[in-house]
Amino acid sequence: MSMRQIQLNVIDLPKADYTGGPSSLCPGCGHDQISNVIIQAAWENGIAPETIAKMSGIGCSSKTPAYFLGKSHGFNTVHGRMPSVTTGANMVNKDLAFLGVSGDGDTASIGIGQFVHAIRRNLNMVYIIENNGVYGLTKGQYSATVERGSKKKKGEVNENPPIDLCKMAINLGCGFVARSFSGSKKQLTALLRAALSHRGMAVIDVISPCVTFANNDESYRSYNYVKTNEEELHAVDYIPHFTPIEEVEIPEGEFDDIELFDGSTLRLETLGGDHDPSDAVAALAAVHDAEQNDKHVTGLLYYDSKMKTADEALGLTETPLVDLPEEQLRPSKVALDELNQSFRT
Amino acid sequence: MRMAKTVNDFTINIATANGTGSQSANLILLHSMFEMGVPVSGKNLFPSNISGLPTWFIIRASDEGYQAPGDTTHVQVVMNKDTWLADVEKAEAGTIIIHNMDVKLPVERDDCVVLGMPMTKMARSINPRLARMIANMYYVGALAETLGIDQNAINSAVAQQFKGKDKAIELNLQAISEGREYARENWDCDIGYAIEARDKDPNTFLIEGNEAAALGCIFGGINMLSWYPITPSSSLAEALIAWLPKLRQADDGGATCAVIQAEDELAAAGMVVGAGWAGGRGMTCTSGPGISLMSEFIGLAYFAEVPGVIWDINRVGPSTGLPTRTQQGDLNLLYEASHGDTQHIVLIPGTVDECFEFGWRAFDVAEQFQTLVFGFSDLDLGMNRWATAGFEYPDQKLDRGKVIRTQEQLDAIENFGRYRDVDGDGIPYRTLPGSGLEPILYRGTGHDEDGIYSEDPGIYAATVARLKRKIEGARDLLPAPILREENDKQVGIIYYGSVENTITEIDDILESTTGLKVSTCRVRALPYHSEVERFVAEYDKVIVLEINRDGQLYGILRKELPVEHLSKLHSVAFSDGIPPRARVYAEMILKTLTSDTTEVIA
Ligand SMILES: Cc1ncc(C[n+]2csc(CCOP(=O)(O)OP(=O)(O)O)c2C)c(N)n1
Ligand code: SF4
Ligand SMILES: [Mg+2]
């Protein structure tokens, strides 16, 4: 019998501990690529699976929590309302690492209010939008993120302007806003690993082609189109807190290091122009310019680590509320007697 | 000049404009009578805006303990020029009309006792800036003098109203004593009605149902309150916000309950579901329009079996309806909220003591049955002040339900599955996120006993059958009805919620006018207790009395009771937004009983 070498992560778990059930999505769907990246990123970051909570709404994208992190609890909620369920869970257990996946229909239409307010509160979660420009699950209607001029497989060219979820998040003061492409495995993995190391709302809007309803060349979210029209802001590299940064090879060109909440680093290597992710106006301009030219700009658009998260702002006690003993949850008999007495006088 | 005085048995109606500070004056009157040991109730009929619309405050003093507004107004105070003529006109002959002469509108009622006082002018002379508000204290003084309200009681009520604000206390007391003086010197002070002190139980105090429910939630270990403002539920959330820091701070000074003002009721409900899913005690409070919005989440909680609590403080529907008036129009909505076959547990307090009790108990019931539980109150109970002798400490520890917290507990269960009915009571076991024990992906889609997605017909049918069994099993574990039974088993009345405040008077009217002795059964929870069925079985005729148009509990009983009882059931349902008046309902009951062919009343 030969001992096969199984690769383990920093907490000695094999990657198999991060996988989920078999996918039932259409073969080639971008969402499956994102699931693989989630598995890879969580494993590489060495996050204990039981500390993660997988959250989603409704849609093909929102089904994917069944296909990754099988050792984590999850909640496939109702259409567009994942943020509120996550908020409630976060309030009573702030130690959970919330990883939400949603679709462009789920987030930009029915759920746009909850998306906006979760950002406004700086809910401590990673929020991935698997953005294909259509409602996959209900058979390919346009969603509100589809670009003007784009055309899905069947039907007319879309003439309505898109709702750009990154622009929206930046305008709302979200502290971590990135755009990526399901086909850019390296970039997406680095960005997701960084998002998992961030404290506060991290929005990653991932272009994720729907092979069944919008993978034709006239669709701005088809594989072909994105591959030829993606503009990367920078090359991204993630250096985990458990790897001494001195041991990492220093890039030849210019680069910027962003230190993340857990001590890890996101290294941004300048490619052409230089983008300063602390500059919200520059981030908005980058998205705007790309949109004007029918391009997709990807990378870390905006970063700001200074804001208080929703649970911090409420001044909750140190222990997660779900772990409080009865004595902390129910005031004493004496307290009630005093209360009654105070009403009498 | 009247011969005999009517003591502690009359109704005062005070007509003012909203936002003029009359609420303080009215509460001082109410509390001073209460302070003297007189059974008294106060109802605020207020408009749905902040300032300027007419408001009536109705105070009923009743040695019998009647708490309904009363059918006749004996003393009418008129302060509001907008409703002046109508207020004056609708007074019955013989009414005492006290009015503010400075409004300069006529009170042409030769058949009434008309007493005027230049309230605004007098108020202006002691404080020009606050004259509009202080003018109200003059009718307090006038009523105190004419009815014989003890000055000590007034002093303590004023002190309570303006807690710690010495300036305000002084100013208002001055106005009250000037009002007294004016009445003494200018009016014939024997108006025929009087307040006489009674032995007051020193333990009693007045409190709003919403505040009582909020305190109950605090003693029930609430971990998260999410809310979106709506009358008449906002004061429940606001009471929680006010009391939580005082009663529920952790040793490190941190909060043990998160409070979130949600972006809408959908989000508020979602947060409750999220909190329950993660193992916490989440609650939101709202009124009918909010429940309508929450419906999708209510179904999710039911089907995915997530505990949570929602308080509905009923106002008049449909739609925006009469936002500041009372009704029992949401019962059906709550019991079967959301699409598909659903059934929810509803706890229905009828007193402030029960608002407190169900406040904490609702969390236990929700976790015990892993489902959404409603607290069902209304504007009358929630926003008016009612007497209590003090709240009782919970008689049981927190019931956290079937939660598996350790590997040993998990190992002790053979063939664990999130939705497997291991104990035969329809209630499965659950593990919590973060525990690492048997993680599953919760979902609102069809699922098998292990929580795995399934569209299998047999599995679906078995799942919903188990859910039915689970909620059925709650019947006799929920608060039992309160029964008041006569030996003569002719007529029984089934009622619920705030009708409690009117039932004794209805009962007395029935007995005094027809000699009929009725038994009563106050339902305190849905699904209803088996005692309710027993009650129906034993009586010849059963009236189901409620404050709505369609007879909603009547409908539920018709659906669920054995068919042989149905011919006994009669609905008496009426709602016009005003808290129930005993005579209106008594007459409807009599009509219902006599219109039937079988002779009931001898
Ligand atoms: C309240 C409600 N309305 C409508 C639907 C039907 N529905 C299911 S998924 C979906 C759209 C999903 O689109 P998206 O979020 O983009 O996900 P995708 O399938 O494209 O990944 C809709 C409209 C629903 N489930 N619930
Ligand atoms: S329909 Fe589109 S989005 Fe849905 S699984 Fe298929 S390819 Fe993916
Ligand atoms: Mg989509």
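Procedures and definitions
- Residues numbered from 1 in each chain as written.
- Chains lettered and ligands numbered in written order.
- Predicted model: local features only at pLDDT ≥ 70, side-chain atom pairs only at ≥ 80, totals over all residues.
- Heavy atoms only, no water.
- Near = heavy atom within 4 Å.
- Polar contact = N/O pair within 3.5 Å; in protein donor to acceptor, adjacent residues only side chain to side chain.
- Areas by Shrake-Rupley, 256 points an atom, 1.4 Å probe, with all protein chains shown as cover.
- Helix = DSSP H or I, 4+ residues; strand = E, 2+ residues; numbered from the N terminus.
- Nonpolar A, V, L, I, M, F, W, Y, C, P; charged D, E, K, R; others polar.
- Domains from an automatic or database assignment.
- Contact = heavy atoms within 4.5 Å.
- Buried area = accessible area lost by both parts, 1.4 Å probe.
- Salt bridge = Lys/Arg side-chain N within 4 Å of Asp/Glu carboxyl O.
- Donors = N, O, S within 2.8 Å, 3.2 Å for Na, K, Ca; no water.
- Buried < 20%, exposed > 50% of the residue type's maximum accessible area, 1.4 Å probe, protein only.
- Pairing = 2+ DSSP bridges.
- Axes fitted to C-alpha atoms, helices over the stretch in contact; angles between N-to-C directions.

Visitor: Would you take a moment to explain the site of ligand 1 for this structure?
Guide: Close contacts around ligand 1 come from 18 residues, with A:Cys60, A:Ser61, A:Asp104, A:Asp106 and A:Gly136 the closest. Among the chains of the assembly, those with residues near ligand 1 are chains A and B. Within the backbone of A:Asp106, one N or O atom sits 2.7 Å away from an oxygen atom of ligand 1. Measuring from an oxygen atom of ligand 1, one finds a backbone N or O atom of A:Gly136 at 2.8 Å. In isolation ligand 1 offers 590 Å² of accessible surface; the protein chains occlude 77% of this area. Put simply, the parts of the chain that give the shell around ligand 1 at least two residues each are helix H2 (60-63), helix H4 (104-108) and strand S5 (134-135) of chain A. Looking at the shell around ligand 1 element by element, the count peaks at three residues for H4(A). Here the residues of the shell around ligand 1 sort into six nonpolar, nine polar and three charged.

Visitor: Any chance you could explain the domain arrangement of chain B here in plain terms?
Guide: All names here are of chain B. Taken domain by domain, chain B holds domain 1 (6-194), domain 2 (207-388), domain 3 (408-475) and domain 4 (482-595). For domain 1 and domain 2, the distance between their C-alpha centres works out to 35 Å. The partner domain 2 presents 11 residues to the 13 residues of domain 1 that form the contact. With both chains or domains summed, domain 1 and domain 2 bury close to 980 Å², and 56% of this area falls on carbon and sulfur atoms. If you sort the residues of domain 1 by the area they bury against domain 2, Lys43, Phe46 and Ser48 come out on top, with a joint share of 45%. Linking Asp380 and Lys43 is a salt bridge whose minimum nitrogen-to-oxygen distance equals 2.9 Å. The interface formed by domain 1 and domain 2 contains five residue pairs in polar contact (both at pLDDT 80 or more). For the side of domain 1 that touches domain 2, the elements supplying multiple residues, two or more each, are helix H1 (22-35) and strand S3 (40-45).

Visitor: I would appreciate a short explanation of the site of ligand 2 in the present structure.
Guide: Taken together, the residues surrounding ligand 2 are A:Leu25, A:Cys26, A:Cys29, A:His31, A:Cys60, A:Asn132, A:Gly136, A:Cys210, A:Val211, A:Thr212 and A:Phe213. Taken together, the residues of the shell around ligand 2 sort by class into seven nonpolar, four polar and no charged.

Visitor: Teacher, can you tell me more about the coordination of the magnesium ion (ligand 3) here?
Guide: For a metal bound by four donors in tetrahedral geometry, the ideal donor-metal-donor angle is 109.5 degrees, whereas six donors in octahedral geometry ideally sit at 90 or 180 degrees. Residue and element names in this part refer to chain A. Around the magnesium ion (ligand 3), the protein contributes the donor atoms Asp104 (OD), Asn132 (OD1) and Val134 (O), which lie 2.1 Å from the metal centre. Ordering the donors of the magnesium ion (ligand 3) by residue number gives the pattern D-x27-N-x1-V. Taking relative accessible area as the criterion, Val134 reaches 2% and is therefore assigned buried.

Visitor: I'm lost on the interface of chain A and chain B in this one. Help?
Guide: Counting residues at the interface gives 49 residues for chain A and 70 residues for chain B. Roughly 4,900 Å² is buried in total at the junction of chain A and chain B, and carbon and sulfur atoms are behind 65% of that figure. Of all residues in chain A, the largest losses of buried area upon contact with chain B belong to A:His73, A:Arg330 and A:Phe343, amounting jointly to 16% of the total for that side. At the junction of chain A with chain B, the criterion picks out one salt bridge. With a closest N to O distance of 2.7 Å, B:Glu263 and A:Arg121 form a salt bridge. Between the two partners, chain A and chain B, sit 20 residue pairs in polar contact (both at pLDDT 80 or more). Sorting the residues of the side of chain A that touches chain B by element identifies strand S1 (52-56), strand S2 (73-76), helix H3 (82-92), helix H5 (112-121), helix H11 (326-329) and helix H12 (333-344) of chain A as the ones contributing at least two each. It is H3(A) that provides the largest number of residues to the side of chain A that touches chain B, a total of seven residues. For the side of chain A that touches chain B, the per-class residue count stands at 21 nonpolar, 19 polar and nine charged.

Visitor: Before we go on, may I ask you to explain the sheet that holds strand S8 (residues 202-207) of chain A in this structure?
Guide: Strands belonging to one sheet form pairs held by backbone hydrogen bonds; the direction of such a pair is parallel or antiparallel. Taken in spatial order, the nine strands make up an open sheet running S9(A)-S13(A)-S7(A)-S8(A)-S4(A)-S3(A)-S1(A)-S2(A)-S20(B), and their pairing is mixed. The strands lining the two open edges of the sheet, one partner per strand, are strand S9 (230-232) of chain A together with strand S20 (441-443) of chain B. Put simply, the sheet's adjacent strands are angled 20° from each other on average, direction ignored. Bridging between strand S7 (residues 176-181) of chain A and strand S13 (residues 296-303) of chain A involves four bridges; their strand directions are antiparallel. Across the sheet, the residue bridging to A:Arg179 is A:Gly299, located in S13(A). Contacts from helix H9 (residues 265-277) of chain B reach S1 and S2 of chain A together with S20 of chain B, with the element oriented near 155° to S2(A).

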